[in-house]
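# Close look at the chain arrangement
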Amino acid sequence: MGESGRRRAVGHALKHELLIWGFVSSYLFILFSAVAAYVWAKSGSAGHLGTEIGAAALRAIVLGKFVLMGKIFGVGTMDVGAPLAHRALVRSVALLLLVALFVVVEEAIVSLIHGGTAREGLQAVRARGGADLLTSLALFYLILLPLALLQEVVRNIPPESLAGHLFARADG
């Protein structure tokens, strides 16, 4: 392959990666926006929902890249011999753990930025209460499960076959 062929291949791979990052980040933005709206509405605070949505966009962009890095390193992937539903469940739990870790680290960093300590940030997470944390985790999981299922379907069905299933006319 010549130099221009390599550049084309790298450009195509970069374009593909950016499209996937945009899709995953958009999907995560929906997740974080829903949780932010839920927490905002439940708290009844006079804070600005727009600020929370902006923070949700930033979280989605950053976490979207971590999800893609997890895909590269095989986080949450299993043997292909396992049923598709089982692989999707394992992947969604791995993504949920990644989201939970990201939220904890984010709270610690926010506390440090505001002149506090990392421990105060972690205490802020604990102060939300068990019911709120479980509700948020359940919401995260319900939104991550379809993403994990889609990733497993795309990983295991050849693109031409998937396109045929999605866009071919049904006979009968």
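Counting of residues starts from 1 at the beginning of each chain's written sequence and follows it residue by residue. Owing to the predicted nature of the model, reporting of local features is limited to residues with pLDDT of at least 70; listing and counting of side-chain atom pairs is limited to 80 or more, with chain, interface and lining totals taken over all residues. The side-chain quantities take in all heavy atoms of the structure and omit both hydrogens and water.

## Considerations on the overall build of the protein chain
Secondary structure elements are taken from DSSP: a helix is a run of H or I of four residues or more, a strand is a run of E of two residues or more, and numbering for both begins at the N terminus. Counting secondary structure elements, the protein chain contains six helices and zero strands. Reading the secondary structure of the protein chain in the N-to-C direction produces α-α-α-α-α-α. Partly exposed residues are those whose accessible area sits between 20% and 50% of the maximum for their type, while under 20% is buried and over 50% is exposed, using a 1.4 Å probe and protein chains only. With 172 residues in all, the protein chain has 26% of them scored as buried. All accessible areas in this document rest on Shrake-Rupley with a 1.4 Å probe, and a residue is counted as covered only by the protein chains that are shown. Total accessible area on the protein chain is roughly 11,200 Å²; 71% of this is exposed by carbon and sulfur atoms.

## Overview of the side chain of Arg59
The topology assignment puts Arg59 in helix α2 (residues 49-73). Contacts are assigned to residue pairs that have any heavy atoms within 4.5 Å of one another. When near neighbours in sequence (up to four residues on either side) are disregarded, Arg59 contacts Phe32, Glu52, Gly64, Phe102 and Glu106.

## Considerations on the side chain of Ser25
Position of Ser25 among the secondary structure elements: in helix α1 (residues 3-43). The exposure class of Ser25 is buried, given its relative accessible area of 9%. Polar contact is the term for a pair of N or O atoms within 3.5 Å; when the atoms are in protein, one must be able to donate a hydrogen and the other to accept it, and sequence-neighboring residues count only if both atoms are side-chain atoms. Engagement of the side chain of Ser25 in a polar contact is seen with the backbone oxygen of Ala60, the distance being 3.4 Å. With residues up to four places along the chain from it excluded, the contact list for Ser25 reads Ala60, Ile61 and Gly64.

## Regarding the packing of aromatic side chains
Classification of ring pairs rests on two measures: the distance between centres of Phe, Tyr or Trp rings, Trp counted by its six-membered ring, which must be within 6.5 Å, and the angle between planes, read as stacked under 30 degrees, edge-to-face over 60 and tilted in between. Taken as a whole, this structure holds two aromatic pairs when the rule is applied. Only when the NZ of Lys or the CZ of Arg is both within 6 Å of the ring centre and within 35 degrees of the ring normal is a charge said to sit over the ring. The ring of Trp21 carries the charged tip of Lys65 above its face, separated from the ring centre by 5.7 Å.

## Structural notes on the environment of Leu89
Its location among the elements puts Leu89 in helix α3 (residues 84-113). Taking relative accessible area as the criterion, Leu89 reaches 40% and is therefore assigned partly exposed. As a C-alpha pair, Leu89 and Ala148 span 59 residues in sequence and 7.5 Å in three-dimensional space.

## As for the packing of α1 against helix α5 (residues 130-156)
Note on geometry: axes are C-alpha line fits, over the in-contact stretch for helices, and angles between N-to-C directions span 0 to 180 degrees. Packing of α1 against α5 brings their axes to within 11 Å, and their N-to-C directions diverge by 160 degrees. Judged on the interaxial angle alone, α5 and α1 are roughly antiparallel. Once α1 is placed against α5, the crossing between them reads as right-handed. Seen from α1, the contacting residues are Phe23, Tyr27, Leu28, Leu31, Phe32, Ala34, Val35, Tyr38 and Lys42; seen from α5, they are Asp132, Thr135, Ser136, Leu139, Phe140, Ile143, Leu144, Pro146, Leu147 and Leu150. Should an angle fall under 35 degrees it is called roughly parallel, over 145 degrees roughly antiparallel, and 65 to 115 degrees roughly perpendicular, with every other angle called oblique. Helix crossings are classified by the rotation of the near helix relative to the far one: an anticlockwise turn of less than a right angle makes the crossing left-handed, while a clockwise turn makes it right-handed.

## Regarding the pattern of salt bridges
The term salt bridge refers to a pairing of a side-chain nitrogen on Lys or Arg with a carboxyl oxygen on Asp or Glu at a separation within 4 Å. In this structure the tally under the stated criterion is one salt bridge. With a shortest N-O distance of 2.6 Å, Arg59 and Glu106 are connected by a salt bridge. Placement of Arg59 in helix α2 and of Glu106 in helix α3 is noted, with a sequence separation of 47 residues between them.

## Section: the nonpolar core
Only buried residues count toward a nonpolar core, which is a set of Ala, Val, Leu, Ile, Met, Phe, Trp, Tyr and Cys residues joined through side-chain atoms within 4.5 Å. Among the nonpolar cores identified, the biggest contains 21 residues, and Leu28, Phe32, Leu63, Val99, Phe140 and Leu144 are the most heavily contacted of them. Looking at this core, the elements that each hand over two or more residues are α1, α2, α3 and α5. Val99 has contacts with Phe32, Leu63, Phe140 and Leu144, leaving out every residue within four places of it along the chain.

## So, the environment of Ala57
Structurally, Ala57 can be placed in helix α2. When the C-alpha positions of Ala57 and Leu31 are compared, they lie 10.0 Å apart, and in sequence the two are 26 residues distant.

## Thoughts on a nonpolar patch on the surface
Two joining distances apply to patches: 9 Å for like charges and 5 Å for nonpolar side chains (Val, Leu, Ile, Met, Phe, Trp, Tyr), and every residue must have over 30% relative accessible area and no salt bridge. Taken together, the side chains of Leu58, Ile61, Val62, Phe66 and Met69 define a hydrophobic patch exposed on the protein surface, amounting to about 420 Å² of accessible area. As for its placement among the helices and strands, Val62 is situated in helix α2.

So far we have only geometry, and geometry alone does not tell us how the molecule works.
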